[in-house]
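In case you want the letters, here they are:
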Amino acid sequence: MLFPANYHTHTTRCHHAVGDDRDYVEAAIRAGYRILGFSDHVPFPFASGYVSGMRMHVDELPGYLASLKGLREEYADRLKIHIGFEAEYFPRYLDHLRRMQDMGVEYYILGQHWMDSEEDHPSSADACREDDGVLRYAEGVVRAMETGLYSYVCHPDILMRFRREEDFTPACEEATDMICEAAIRLNIPLEYNLLGLRDRLDGHGRGYPSPAFWAHASRHPIPVIIGVDAHDPARLLDEDTKAFAEKDLSGLGFRITRLLPMDEET
Ligand SMILES: [Zn+2]
Ligand SMILES: [Zn+2]
């Protein structure tokens, strides 16, 4: 099945992806996409001097923007390319994200991998081992959504990263309800993540997409978007995960959002 757009695509600048920027563009065209959004892990100018091992460094930003702007021009007749980032919501660095919008960053998607700044807080996955952490994670995600800065929420079910499916507790239900209610109120899609799905189908799941999460979420008429979360160009061509996701989501009665508002006219 042909998907018109994928907005969740990384580059090697995050230090855990493979392939040239151009390889992602070529793979997207081969897969039949009309729109490809790049959303590498955003750089943050950490005040403490902390250096993250899972995201672009600040000095790699100009190269990222220049490369993608060049590809956007070169491939203009074949693919619409958007320049974005997957970004956490770290309140103390929100202005930094806003400033990058003036440099040509068109959109952000929320990937709340850390509870607050990565410098001094545990990962969301670790915090969510405890019920209390699950609720604090959901509060942070809702506050992020309320900023209006994020176009969608990546893998909202990262709260299940280190939990077994049977450990989808009442706190997990409450967290899911909080995020879903915000998604409806603010009309922000939640992402069904194909990176996690591929891992699950390969027998080494990472907790998301969580069947328990999505079954519970299906009580709410939320917008859902499918994100490849490509860290390898080949994943854009992985038709099995797309078909599986499509079937899973339609079986649960979800309405699938294909395009973000910036593309609704195309
Ligand atoms: Zn990543
Ligand atoms: Zn990602």
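Here the residue index of a chain counts from 1 through its sequence in written order. As a convention, the first chain written is A and the first ligand written is 1, with the rest following in written order. Residues qualify for local features only when their pLDDT is at least 70, as the model is predicted, and side-chain atom pairs are given and counted only at 80 or more; totals for whole chains, interfaces and linings, by contrast, use all residues. Just so you know, side-chain values use all the structure's heavy atoms and leave hydrogens and water out.

This part covers the packing of helix α1 (residues 21-31) against helix α2 (residues 61-74). As a rule, the C-alpha atoms of each element are fitted with a line to give its axis, helices using only the stretch in contact, and angles between N-to-C directions run from 0 to 180 degrees. Numbering of helices and strands starts at the N terminus; helices are DSSP runs of H or I of at least 4 residues and strands are runs of E of at least 2. Relative to each other, α1 and α2 sit at 35°, their axes nearing to 10 Å. Where α1 crosses over α2, the two elements pack in a sense that is right-handed. Counted together, D21, R22 and V25 of α1 and S67, L68, L71 and E74 of α2 form the full contact between these two elements. Here the residues of the contact of α1 with α2 sort into 3 nonpolar, 1 polar and 3 charged. Each helix crossing is assigned a hand: it is left-handed if the near helix lies turned anticlockwise from the far helix by less than a right angle, otherwise right-handed if that turn is clockwise. Note on contacts: a residue pair qualifies if any of its non-hydrogen atoms lie within 4.5 Å across the two residues. Classification convention: Asp, Glu, Lys, Arg as charged; Ala, Val, Leu, Ile, Met, Phe, Trp, Tyr, Cys, Pro as nonpolar; all other residues, Gly among them, as polar.

The disulfide criterion is simple: two cysteine sulfur atoms within 2.5 Å. Applying the stated rule across the entire model yields 0 disulfides. Free cysteine C154: the closest other cysteine sulfur is in C14, separated by 13 Å.

Once that is clear, we can look at the coordination of the zinc ion (ligand 2). Here the coordinating atoms are restricted to nitrogen, oxygen and sulfur within 2.8 Å of the metal centre, or 3.2 Å for Na, K and Ca, and because water is not among them the sites may look incomplete. Protein-derived coordination of the zinc ion (ligand 2) comes from H8 (NE2), H10 (NE2), E86 (OE) and D229 (OD), at a distance range of 2.1 to 2.3 Å. Irregular is the label for any site that misses the other tests, which are tetrahedral for four donors with all angles between 85 and 135 degrees, and square planar for four donors or octahedral for six when opposite donors exceed 155 degrees and the remaining angles lie between 65 and 115. In this structure, the zinc ion (ligand 2) is surrounded by 4 donor atoms whose angles at the metal cover 80 to 167°, and the resulting shape is irregular. Here the donor residues of the zinc ion (ligand 2) share one chain and are spaced in sequence as H-x1-H-x75-E-x142-D. Between the zinc ion (ligand 2) and the zinc ion (ligand 1) the interatomic distance comes to 4.4 Å. Placement of H8 in the loop between β1 (5-6) and α1 and of D229 in the loop between β7 (223-227) and α9 (239-251) is noted, with a sequence separation of 221 residues between them. Throughout, exposure labels follow a simple rule: accessible area from a 1.4 Å probe, protein chains only, divided by the maximum for the residue type, with under 20% read as buried, over 50% as exposed, and the rest as partly exposed. According to the relative accessible area criterion, D229 is buried, its value standing at 3%.

Here we take up helix α6 (residues 170-186). In this model α6 runs 24 Å from its N-terminal to its C-terminal C-alpha over 17 residues, within 8% of the 24 Å that 1.5 Å per residue would give. All buried positions along α6 are accounted for by A171, C172, A175, T176, I179, C180, A182 and A183. Summarising the axial view, the buried residues of α6 lie within an arc of 170°, below the 170-degree limit, and thus occupy one face. Those residues of α6 that are exposed and angled more than 90 degrees off the buried face are P170 and R185. The first or second residue beyond α6 is N187, which carries a positive phi of 55°. By this rule the span expected of a helix is its residue count minus one, scaled by 1.5 Å. Throughout, the arc means the angular range of directions from the helix axis out to the C-beta atoms.

Taking 1.5 Å as the rise per residue, α9 with 13 residues should run 18 Å; its terminal C-alpha atoms sit 18 Å apart, in good agreement. T241, K242, A245, E246 and L249 are the residues of α9 that are buried. Projected onto a plane normal to the axis of α9, the buried residues spread over an arc of 135° and lie on a single side. Across from the buried face of α9, at angles greater than 90 degrees, the exposed residues are D240, K247 and G251.

This part covers the pattern of salt bridges. In the sections that follow, a salt bridge refers to a side-chain nitrogen of Lys or Arg positioned within 4 Å of a carboxyl oxygen of Asp or Glu. Throughout the structure, instances matching the rule amount to 21 salt bridges. In this structure, R129 and D126 form a salt bridge, with 2.8 Å as the shortest nitrogen-oxygen distance. Here D126 falls in the partly exposed class, since its relative accessible area comes to 34%. Among the salt bridges present, the one from R164 reaches D167, with a minimum N-O distance of 3.0 Å. Residue R164 is classed as exposed on the basis of its relative accessible area, which comes to 51%. For D167, a relative accessible area of 25% corresponds to the partly exposed category. Among the charged side chains, a network of salt bridges with common partners joins R92, D116, E119 and D120.

This part covers the pairing of β7. Within a regular strand, the side chains alternate between the two sheet faces. The buried fraction of β7 is high, at 5 of 5 residues. Where strand β6 (residues 190-193) meets β7, 4 bridges bridge the pair, whose relative direction is parallel. When the sheet's bridge partners are listed, Y192 is paired in β7 with I226. If DSSP finds at least two bridges between two strands, the strands pair. Of the strand pairs in this sheet, β7 and strand β8 (residues 255-257) are connected by 3 bridges, and their pairing is parallel. Its bridge partner being in β8, V224 is matched across the sheet by I256. Whether a crossover is right-handed depends on one test, that the path from the first strand over the helix to the second runs clockwise when the strands point away from the viewer. Where the polypeptide runs from β7 across α9 and back to β8, its parallel neighbour, the crossover connection is right-handed.

Around a metal, the ideal angle is 109.5 degrees if four donors adopt a tetrahedral arrangement and 90 or 180 degrees if six donors adopt an octahedral arrangement. The protein atoms that coordinate the zinc ion (ligand 1) are H16 (NE2), H41 (NE2) and H231 (NE2), at distances of 2.0 to 2.1 Å. Counting gaps between the donor residues of the zinc ion (ligand 1) yields the pattern H-x24-H-x189-H. Residue classification places H41 among the buried positions, given a relative accessible area of 4%.

Shape descriptors only; they carry no functional weight alone.
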